[in-house]
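Fold and geometry: a report
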Amino acid sequence: PHNINDKDEKVFAMISQGNTEGVFQFESQGMKNVLMRLKPDSIEDLIAVVSLYRPGPMDSIPRYIDCRHNPSHITYKHPLLKPILEVTYGCIVYQEQVMQILRVLAGFSLGRADIVRRAMSKKKIDVMEKERTAFVSGCEKNGISSSVANTIFDQMSEFAKYAFNKSHAACYALVAYRTAYLKCYYPAEFMAGLMTSVLY
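Predicted model, so just to flag it, every value in this text is computed and none were measured. (Residues numbered from 1 in each chain as written. Predicted model: local features only at pLDDT ≥ 70, side-chain atom pairs only at ≥ 80, totals over all residues. Heavy atoms only, no water.)

Re the packing of aromatic side chains
The way to describe two aromatic rings as a pair is by their centre distance and the angle between their planes. Formally: Note on aromatic contacts: the rings of Phe and Tyr and the six-membered ring of Trp form a pair at centre separations within 6.5 Å, being stacked when their planes are under 30 degrees apart, edge-to-face when over 60 apart, and tilted otherwise. Per the convention used, a helix needs a DSSP run of H or I reaching at least four residues, while a strand needs a run of E reaching at least two, with both numbered from the N terminus. Accessible area is worked out with a 1.4 Å probe on protein chains only. A residue is then buried under 20% of its type maximum, exposed over 50%, and partly exposed in between. Any Lys NZ or Arg CZ that is within 6 Å of a ring centre and within 35 degrees of that ring's normal is treated as a charge sitting over the ring.
Applying the stated rule across the entire model yields 6 aromatic pairs. Both rings, one in Tyr64 and one in Tyr89, keep their centres 5.0 Å apart while their planes meet at 70 degrees; by these two values the pair is edge-to-face. Note that Tyr64 is positioned in helix α4 (residues 61–69) and Tyr89 in the loop between α5 (82–85) and α6 (95–106), a separation of 25 residues in sequence. Judged by relative accessible area, which is 2%, Tyr64 ranks as buried. Measuring from ring centre to ring centre gives 6.4 Å for Phe108 and Phe135, while their planes differ by 80 degrees; the resulting arrangement is edge-to-face. Placement of Phe108 in the loop between α6 and α7 (110–121) and of Phe135 in helix α8 (residues 125–141) is noted, with a sequence separation of 27 residues between them. The pair formed by Phe108 and Phe135 is uniform in burial state, with each residue classed as buried. Note that Arg112 overlies the ring of Phe108, its terminal NZ or CZ placed 4.7 Å from the centroid.

As for helix α2 (residues 29–38)
Each full turn of the α-helix corresponds to 3.6 residues, which orients residues three or four apart in the same direction. Note the cut-off: An arc is given here, and it is the one of the directions from the helix axis to the C-beta atoms.
Those residues of α2 lying buried are Met31, Lys32, Val34, Leu35 and Leu38. Here the buried residues of α2 occupy an arc of 160 degrees about the axis, which is enough to place them on one side. Lys39 occupies a position one or two residues after α2 and carries a positive phi of about 55 degrees.

Re the pattern of salt bridges
Defined as follows: A pair is scored as a salt bridge if a Lys or Arg side-chain nitrogen falls within 4 Å of a carboxyl oxygen belonging to Asp or Glu.
For the structure on display, the rule yields 11 salt bridges. In this structure, Glu21 engages Lys183 in a salt bridge whose closest nitrogen and oxygen atoms are separated by 3.5 Å. Residue Glu21 is located in the loop between α1 (9–16) and α2, and its partner Lys183 is located in helix α10 (residues 166–185); the two are separated by 162 residues in the primary sequence. Judged by relative accessible area, Lys183 falls into the buried class, the value being 9%. When the shortest N-O distance is used, the salt bridge between Arg117 and Asp114 registers 2.8 Å.

Some points on the packing of α6 against α7
As a reminder, the rule being used: Every angle, taken between N-to-C directions, lies between 0 and 180 degrees, and every axis is a line fitted to C-alpha atoms, over only the stretch in contact when it is a helix. Roughly parallel covers angles under 35 degrees, roughly antiparallel covers those over 145, roughly perpendicular covers 65 to 115, and oblique covers all other angles. Helix crossings are classified by the rotation of the near helix relative to the far one: an anticlockwise turn of less than a right angle makes the crossing left-handed, while a clockwise turn makes it right-handed. Note on contacts: a residue pair qualifies if any of its non-hydrogen atoms lie within 4.5 Å across the two residues. Under this grouping Gly is polar, as are all residues other than the nonpolar Ala, Val, Leu, Ile, Met, Phe, Trp, Tyr, Cys and Pro and the charged Asp, Glu, Lys and Arg.
It is at 9 Å that the axes of α6 and α7 come closest, and there the two elements cross at 130 degrees. Judged by the angle between their axes, α6 and α7 are oblique. For the crossing formed where α6 meets α7, the hand is right-handed. Residue-level contacts link Gln95, Val98, Met99, Leu102 and Arg103 of α6 to Leu110, Ala113, Asp114, Val116, Arg117 and Met120 of α7. Looking at the contact of α6 with α7, its residues break down into 7 nonpolar, 1 polar and 3 charged.

Printed below as a string of structure tokens:
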């Protein structure tokens, strides 16, 4: 499977039609509906879908799909967010993006950014409020208003409660794509293998 073309149009067409029975991560009816609306054409889209299709981040799916199909709808609370969020059409999708925002906008160290990410995911309100003050102060030093900084911090806090890390999602997406590839090009063998794995 290591020499599988990861940009195969036929495979992405199958995924976009919701023909994903037996495909790792993509079997549920809800996920099929998302795939049919999104019409993914890259591994990057599959990574994002794996991350978004979970309680919490699910709320961002309509915006992600809209911005994916209508780039003119993409907005950023501040220009510094563009290099961090453009790969996900302006949406916060991954834990790594939360950490990048903390570092780029407020000058946090990598270690401190990780502490904040963990506090957000574990809903440690006291730690988060202390770090909010530091984040807003750091943002103001970079010419970002406190109101914008607070809005961004709120978005990160809400999202980070449930966020996947991208490296984890990328592994899932790659397995999903390779599973879809086998189904697309070797359907009989794939379904025989799938049914055998369920039988035993």
